[in-house]
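# Structural characterization, general
One letter stands for each residue in the lines below.
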Amino acid sequence: MEVIEGSSVILFFIDGLGIGDDDPQNPLARFSGMEPLAYFKGRPAEPYLDGVMKPTDPRLGVDGRPQSASGQTAILTGVNAPQRLGYHKQGFPNGELREIISENSIFLRLSAAGVGPAVFANAYTPGFFTEPQRWKSATTCAVEAAGLPFRKLPDLIGRKALFHDFTNQSLRERGFDVPLFSPAGAAAVLADFSRRCRFTLYEYFITDKIGHAQDFTAAGIHLPPLAEFIRETLKLIDLEKTTFILTSDHGNIEDLSVRNHTLNDVPTVIWGRGKMETAARIADLTDIAPAIIDLLTK
Ligand SMILES: [Zn+2]
């Protein structure tokens, strides 16, 4: 892809990252090197590199614990998906959520507005293309809604894609012949997207798995490199032209005393172009997609 003219947005989605208490059950409080992932209730946020943090409501007026399928649908469409369903939907989108996504996906709306390229930076393993998909994530549905291509392992090897485990460690353990990426190496790949694509989505979900497993050891292993990956990306992108938005679908990893998702707000953190105006309009998960579309069309 060619270098683009004009502005760009990176949406860095982290599954299961909430704003928790500053106590030992919170790995974001227990471990060091957590900037810019760690935000605490009742404490002013001072994000890394002058980012702006907006506590964001993932509950969306619906009882129960916020869940991934409906929360991610809200982020990727701007539609209050839990309210449409009447409940928070776990895991993967059902038919009703897939319909919302197929009509309102941010990728589809950007394409309709003539904004592109818009890409999902995550690479898929060969099995995704050869085996029938019983379960599709909200992100996969959002990309399919616009008929966009998926990235594959050759893209990853060519440093034109990232695995959800951006180090590629888990792929190597599964026997795939791919290079190990450092956080700075992964950041170079993600930053390159910001120069070639108007909109880039990246998804990371090990955080949610760690939360369900209540695994402090895994939190100590995975969170510091994730934080470093984001810091390094922010150093490499042109914040005059690019807006970097970090958000999550619900809380989880910020309280390892419970196996479930939390009811906490999630942090939406915005760096770069238009950060103040964007932060000012974000109150819940449905505000993110329209804000991105406005950043890229107005
Ligand atoms: Zn979960």
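How each quantity is defined
Residues numbered from 1 in each chain as written. Predicted model: local features only at pLDDT ≥ 70, side-chain atom pairs only at ≥ 80, totals over all residues. Helix = DSSP H or I, 4+ residues; strand = E, 2+ residues; numbered from the N terminus. Contact = placed C-beta atoms within 7 Å. Buried ≥ 20, exposed ≤ 12 C-beta atoms within 10 Å, placed from the backbone. Pairing = 2+ DSSP bridges. Axes fitted to C-alpha atoms, helices over the stretch in contact; angles between N-to-C directions. Parallel < 35°, antiparallel > 145°, perpendicular 65-115°, else oblique. Left-handed = near helix turned anticlockwise from the far one by under 90°. Nonpolar A, V, L, I, M, F, W, Y, C, P; charged D, E, K, R; others polar.

Now for unusual backbone geometry. Residue Pro36 is reached from Glu35 by a cis peptide bond, and omega for that bond is 5°. Relative to the assigned elements, Pro36 resides in the loop between helix H1 (27-30) and strand E2 (52-56). Here the residue pair Gly116 and Pro117 is connected by a cis peptide bond, since its omega of 0° sits within 30 degrees of zero. Here Pro117 is to be found in the loop between helix H5 (106-112) and strand E3 (118-120). With a phi angle near 50°, Leu49 is a residue other than glycine that sits in the positive phi range.

Structurally, Phe107 is set in helix H5. In this structure the C-alpha to C-alpha distance between Phe107 and Thr247, which are 140 residues apart in sequence, comes to 17 Å. Filtering out sequence-adjacent residues up to four positions away, Phe107 remains in contact with Ala118, Ala142, Val143, Ala145, Ala146 and Leu148.

A word on the environment of Ala213. Examined against the element boundaries, Ala213 turns out to sit in helix H11 (residues 206-213). Sequence separation of Ala213 and Asn260 is 47 residues, and the distance between their C-alpha atoms is 9.3 Å.

With that settled, the discussion passes to the pairing of strand E1 (residues 8-14). Along E1, seven of the seven residues are buried, which leaves the element largely enclosed by surrounding structure. Because side chains alternate across E1, one face comprises the buried residues Ser8, Ile10, Phe12 and Ile14, and the other comprises Val9, Leu11 and Phe13, equally buried. Sheet analysis places E1 next to strand E7 (residues 242-248), joined by seven bridges and oriented parallel. Directly across from Ile10, in E7, lies its bridge partner Phe244. Direction of pairing for E1 relative to strand E6 (residues 199-204): parallel, over a ladder of six bridges. Paired with Val9 across the bridge in E6 is Phe199.

The N-to-C vectors of helix H2 (residues 68-77) and helix H4 (residues 95-104) enclose an angle of 10°; their axes lie 10 Å apart at closest approach. As judged from the angle between their axes, H2 and H4 are roughly parallel. Taken as a pair, H2 and H4 cross one another with a handedness that is left-handed. Of the residues in H4, those in contact with Ala69, Ser70, Thr73, Leu76 and Thr77 of H2 are Leu97, Ile100, Ile101 and Asn104. Among the residues forming the contact of H2 with H4, the class breakdown is five nonpolar, four polar and no charged.

Our next topic: the packing of H11 against helix H12 (residues 216-236). Their axes nearest at 9 Å, the elements H11 and H12 cross at an angle of 165°. It follows from the interaxial angle that H11 and H12 lie roughly antiparallel. Here H11 and H12 pass one another in a crossing that is left-handed. Residues Ile206, Ile210 and Ala213 of H11 pack against Ala218, Ala219 and His222 of H12. By residue class, the composition of the contact of H11 with H12 is five nonpolar, one polar and no charged.

Judged by pairing direction, the sheet is mixed, and its six strands sit side by side in the order E2-E8-E7-E1-E6-E3 without closing on themselves. Whereas interior strands pair on both sides, the edge strands pair on one side only; in this sheet they are E2 and E3. Averaged over all pairs of adjacent strands, the angle between their axes in this sheet comes to 15°, without regard to strand direction. With five bridges joining them, E2 and strand E8 (residues 266-272) adopt antiparallel strand pairing. Of the residues in E8, the one forming a bridge with Met53 is Val269.

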